[in-house]
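# Results of the structural survey
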Amino acid sequence: WSALRTRVAPDARLTFAGKCAFRAVIPVTNLPPDIETNAVHIWLRPKAHVVHYPVRAGREIALVAIFADERAEQGWDGAAPAAELAERATDFPAALKDVFAAAPDWRRWPLYRSAGTWPWTRGRLALLGDAAHPILPFLAQGGVQALEDAVTLADTLAGVPPSGIEMALARYEAIRKPRALRVAQASQQNGEAYHADGTFGRIRNAALKITPPQQLIGRYDWMYGWQPPKIT
């Protein structure tokens, strides 16, 4: 919903991803007693997954559920009836149903991805974060990539005189775009694995059982090990 993007990249187009995300925040005291609070939980089901994790120094639990959904509504933070979430969770394990039941209020937003790429900069205007590179939330990297953009943008502009701003912004785009697009692609692929069904789903489950955790997370060392580039 970036207004600035319409000025920087008027031809940019987004496509509905066929999925919607639902979010809620639960006081940790409302969580069912058999759910570990100081941990990240991921539940996988064909065409859906749920993540919950501690926030606010462990006082609350953030709950995110993503389902296949064809309602490409406008907006990104609409209210969602708790009854709708309860209906979607009918075939979930009992423990996860209890987590859903503990959430008093839900918010809903449709997920979109970019249809191709577009310029991030025009003159002295620059985009960062989702305005530049929408990322589906399957690697928890949307906010992270915006922070990386901001650090790189600040470093690129540091000490640059007014006459050099446009060149510095173009350099920021050149540095950041390949990585952001790679993260967006990896996130989409991870979502396909999360929501897999049939044979692909059974292969995923088998791989998760036999692959050491260090090896699984090691596939993303290139992403989690990011360091700000040296700007010369």
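Right, let's walk through the structure included here. Each chain has its residues counted from 1, following the order in which its sequence is written. With pLDDT at 70 or above as the cut-off, local features in this predicted model cover only qualifying residues; side-chain atom pairs require 80 or more to be listed or tallied, and sums for whole chains, interfaces and linings still use all residues. For side-chain calculations, the full set of non-hydrogen atoms in the structure is used, while hydrogens and water are omitted.

## Quick notes on empty space enclosed by the protein
Buriedness for pockets is judged along seven lines, at least five of which must meet protein on both sides within 12 Å for an open set on the 1 Å grid over protein atoms alone, while cavities are sets there where a 1.4 Å probe fits but cannot get out, and lining residues have an atom within 4 Å of a point. Grid points are joined across faces, edges and corners, and a volume is the space filled by probe spheres set on the points. Under the definition given, this model contains 1 cavity of 30 Å³ or more. Lining the largest cavity we find Ser 114, Gly 116, Thr 117, Trp 118, Trp 120, Ala 132, His 133, Lys 177 and Leu 181. We call Asp, Glu, Lys and Arg charged. Ala, Val, Leu, Ile, Met, Phe, Trp, Tyr, Cys and Pro are nonpolar, and the rest, Gly among them, are polar. When the residues that make up the lining of the largest cavity are grouped by side-chain class, the tally is 4 nonpolar, 4 polar and 1 charged.

## Describing helix 4 (residues 142–157)
With 16 residues, helix 4 should cover 22 Å at 1.5 Å per step; its first-to-last C-alpha distance of 23 Å lies within 8% of that length. Among the residues making up helix 4, those that are buried are Gln 145, Glu 148, Asp 149, Thr 152, Leu 153 and Thr 156. Viewed along the axis of helix 4, the buried residues span an arc of 135°, placing them on a single side of the element. For helix 4, exposure combined with an orientation more than 90 degrees from the buried face picks out Gly 143 and Leu 147. Buried-residue contacts for helix 4 involve helix 5 (165–194) and helix 8 (221–224). Working definition: helices are DSSP H or I runs of at least four residues, strands are E runs of at least two. Numbering for both runs from the N terminus. Just downstream of helix 4, Gly 159 is the residue with a positive phi angle, here 75°. The span one expects for a helix is its residue count, reduced by one, times 1.5 Å. Relative accessibility thresholds used throughout: buried, under 20% of the residue-type maximum; exposed, over 50%; partly exposed, between the two (1.4 Å probe, protein chains only). It is the directions from the helix axis to the C-beta atoms that the arc portrays. By definition in these notes, contact holds between two residues if any of their heavy atoms fall within 4.5 Å.

## Structural notes on the environment of Pro 46
Along the chain, the position of Pro 46 falls in the loop between strand 2 (41–45) and strand 3 (48–55). On the accessibility criterion, Pro 46 (35% relative accessible area) is partly exposed. Spatially, the C-alpha atom of Pro 46 lies 21 Å from that of Arg 113, the residues being 67 residues apart in sequence. Excluding anything up to four places from it in sequence, Pro 46 contacts His 195, Ala 196 and Asp 197.

## With respect to the pairing of strand 2
Only when DSSP finds a minimum of two bridges between them are two strands counted as paired. Here strand 2 pairs with strand 3 via 5 bridges, running antiparallel. Pairing of Leu 44 across the sheet is with His 49, part of strand 3. Hairpin connection, strand 2 to strand 3: the antiparallel pair is bridged by 2 residues, and Lys 47 has positive phi, about 65°.

## Quick notes on helix 3 (residues 94–101)
Listed in full, the buried residues belonging to helix 3 are Ala 95, Leu 96, Val 99 and Phe 100. Each buried residue of helix 3 lies within a common arc of 145° when the element is viewed along its axis, so the set occupies one face. Seen from the buried face of helix 3, the exposed residues on the opposite side, beyond 90 degrees, are Ala 94 and Ala 101. Packed against the buried residues of helix 3 are strand 1 (14–27), strand 2, strand 3, strand 4 (60–68), helix 2 (82–88) and strand 6 (106–114).

## A closer look at the packing of helix 4 against helix 5
Helix-helix packing is characterised by the crossing angle of the two axes and by the distance between the axes. For helices, the fitted line uses only the C-alpha atoms of the stretch in contact; every axis is such a line through C-alpha atoms, and the angle between N-to-C directions lies from 0 to 180 degrees. Axis separation between helix 4 and helix 5 bottoms out at 9 Å; the angle between their running directions is 155°. Our classification of the angle between helix 4 and helix 5 gives roughly antiparallel. With respect to the hand of their crossing, helix 4 and helix 5 are arranged in right-handed fashion. Seen from helix 4, the contacting residues are Gln 145, Glu 148, Asp 149, Thr 152, Leu 153, Thr 156 and Leu 157; seen from helix 5, they are Ile 165, Ala 168, Leu 169, Arg 171, Tyr 172, Ile 175, Arg 176, Arg 179, Ala 180 and Val 183. When the residues that make up the contact of helix 4 with helix 5 are grouped by side-chain class, the tally is 9 nonpolar, 3 polar and 5 charged. To sort the angles, those under 35 degrees are grouped as roughly parallel, those over 145 as roughly antiparallel, those from 65 to 115 as roughly perpendicular, and the leftovers as oblique. Note on convention: the crossing is left-handed when the near helix lies turned anticlockwise from the far helix by less than a right angle, right-handed when the turn is clockwise.

## Quick look at the nonpolar core
We call a set of buried residues a nonpolar core when its members are Ala, Val, Leu, Ile, Met, Phe, Trp, Tyr or Cys and they connect through side-chain atoms within 4.5 Å of each other. Among the nonpolar cores identified, the biggest contains 23 residues, and Ile 26, Leu 63, Phe 67, Phe 100 and Trp 106 are the most heavily contacted of them. Among residues more than four places away in sequence, those in contact with Leu 63 are Phe 22, Arg 23, Ala 24, Ile 26, Val 50, Val 51, His 52, Val 99, Phe 100, Ala 103 and Trp 106. Core analysis: the next-biggest nonpolar cluster, separate from the first, contains 13 residues, Ala 9, Trp 118, Leu 127 and Leu 153 among them.

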